[in-house]
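Inside the fold
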Amino acid sequence: MLITTKELHTVKASFGESENIGIYVISPVIPGYPQAKFPGVVVFSEIYQVTGPVERFAGQIASQGYVVACPSSFHEFEPPTAIPYDTEGTDRGNRYKVEKELAAYDEDAKLSIDLLSSLPNCNGRIAATGMCLGGHLAFRAAFDPRVLAAVCFFATDIHSATLGKGKDDSLERVQAGDLTGKGELIMIFGKQDTHVPRAGRDLIRKTLEDANVTFSLLEVQAQHAFIRDESSKGRWDAALTKSCFGFMMELFERTVTRELERSRRILEEVGEPVERTTDRGSSTRYEDDGEALTGNQVRGYKSTLSNPRTSDAAKEKAREILEGTGGSTEDEHSNRVLGGYKATVHNPNVSAEAKRHAHQVLREHDADVA
């Protein structure tokens with residue numbers, strides 16, 4: 001799929017002297033379909049900000065049919081340009097990493113998700129990924145309920161709780177249940193990665209398992225930064241990178257590209273056999289997500305009520321869902337969506353472009369606000 005060149009969006013932030021964060025956006029393009037909408041992915045970079053390797057990685061994701069946002073993680077200290085892959089750049093990035101407030105990292109993630117959700121070519125279904133520092137930031141982005149999936153490549157500092165100024169609370173939040181019952185994670189580590197030793201990987205795995213999080217943890221024969229195709233000091237493994245990219249795209253396609261949960265429930269209620277799983281560490285998760293019913297789904301439940309071969313229990317469940325106790329209708333969902341656009345209009349942190357789009361949508365539904 002064709003992609004656009006990266007566009008820089010400047011968004012107001014609460015931290016740093018400039019009070020602005022630069023977020024690069026790379027979008028897919030389908031000729032003849034200018035109104036096409038795609039899922040969104042936030043790509044968090046390593047300590048060098050949005051470098052050539054990060055942009056190429058993001059471009060590969062975009063070419064699969066995703067709008068990709070790449071935030072400049074050190075906007076408090078630097079303009080939104082790449083930091084060199086040299087000794088001075090490495091020292092600079094590592095210094096920024098521990099000087100930056102943890103709350104500032106979390107705000108960057110929120111602003112990136114807000115931006116994607118406001119773009120006219122994004123459908124609001126969001127995933128996250130990143131490498132090194134960015135792997136940890138993608139992990140923390142998964143605390144946001146809007147993020148349906150996250151893939152974290154050799155995420156640093158999770159096991160040691162050393163992200164940002166002071167002690168971070170990433171694993172503490174996992175223990176508190178902040179990832180339980182939410183999106184799905186994939187953690188990818190190299191077994192020869194000295195930044196995240198075996199004890200650290202074991203701690204991450206145990207904490208996620210104990211908290212009943214839906215995740216997979218892959219340990220591969222590689223060193224740190226093995227997906228970086230430039231200045232990796234001989235650690236880049238193109239074949240392994242391709243395989244891991246495939247794991248990531250499978251997760252994104254299953255969680256943010258396709259909506260399978262409602263189809264599963266309809267089959268279940270009319271008595272069709274459906275495979276289920278209770279293994280929270282596996283790659284499959286089924287649960288009631290409370291999303292809106294589409295017109296076809298409403299008609300399916302109504303058919304259940306009139307089908308003489310359907311059990312009384314299935315009919316009662318279909319009746320409950322149609323009455324709103326087990327799900328929402330399209331009208332209710334539409335009201336929530338319009339409410340989100342109204343909030344965008346009044347949000348001081350949203351760009352003028354996003355506000356114009358929100359006004360346009362509201363006018364189309366006779367719901368515009370001043």
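Our subject is the structure that appears above.
Residues numbered from 1 in each chain as written. Predicted model: local features only at pLDDT ≥ 70, side-chain atom pairs only at ≥ 80, totals over all residues. Heavy atoms only, no water.

**Notes on the sheet that holds strand β3 (residues 20-26)**
- Pairing is mixed across the open sheet formed by eight strands, whose spatial order is β2-β3-β6-β5-β7-β8-β9-β10. At either margin of the open sheet sits one strand with a lone partner, and together these are β2 (7-12) and β10 (215-220). Strand-to-strand twist of the sheet, defined as the mean angle between neighbouring strand axes without regard to direction, takes the value 20 degrees.
- Bridging between β3 and strand β6 (residues 67-71) involves four bridges; their strand directions are antiparallel. Note on β6: the bridge partner recorded for I26 is V68.
- Sitting on the sheet, helix α4 (residues 133-141) touches β5 (38-44), β7 (122-131), β8 (147-153) and β9 (184-190), and the angle it makes with β7 is about 140 degrees. (Pairing = 2+ DSSP bridges. Helix = DSSP H or I, 4+ residues; strand = E, 2+ residues; numbered from the N terminus. Axes fitted to C-alpha atoms, helices over the stretch in contact; angles between N-to-C directions. Contact = heavy atoms within 4.5 Å.)

**Points about the side chain of E184**
- Relative to the helices and strands, E184 resides in strand β9.
- A polar contact of 3.0 Å, which involves the side chain of E184, links it to the side chain of R254. (Polar contact = N/O pair within 3.5 Å; in protein donor to acceptor, adjacent residues only side chain to side chain.)

**A closer look at the nonpolar core**
- Grouped together as the largest cluster of nonpolar side chains are 54 residues, with contacts concentrated most on F139, L179, L185, M187 and L208.
- Residues in contact with L185, not counting those within four places in the same chain, are F139, A142, A150, C152, L179, L208, V213, T214, F215 and S216.
- Listed in part, the 35 residues of the second largest apolar core include A58, C70, L218 and C244. (Core = buried A, V, L, I, M, F, W, Y, C linked by side-chain atoms within 4.5 Å. Buried < 20%, exposed > 50% of the residue type's maximum accessible area, 1.4 Å probe, protein only.)

**Some remarks on the packing of aromatic side chains**
- Scanning all chains against the criterion turns up nine aromatic pairs.
- When the ring of F77 is compared with that of Y96, the centres are 4.6 Å apart and the planes differ by 5 degrees; the resulting orientation is stacked. Here F77 is found in the loop between β6 and α2 (87-99), whereas its partner Y96 is found in helix α2, with 19 residues between them in sequence.
- With a relative accessible area of 32%, F77 lands in the partly exposed category.
- K6 extends its terminal NZ or CZ atom over the ring of Y24, reaching a point 4.4 Å from the ring centre.
- Positioned above the aromatic ring of F143 is the side chain of R173, whose terminal nitrogen or guanidinium carbon lies 4.0 Å from the ring centre. (Phe/Tyr/Trp six-rings, centres within 6.5 Å; stacked < 30°, edge-to-face > 60°. Lys NZ or Arg CZ within 6 Å of the ring centre and 35° of its normal.)

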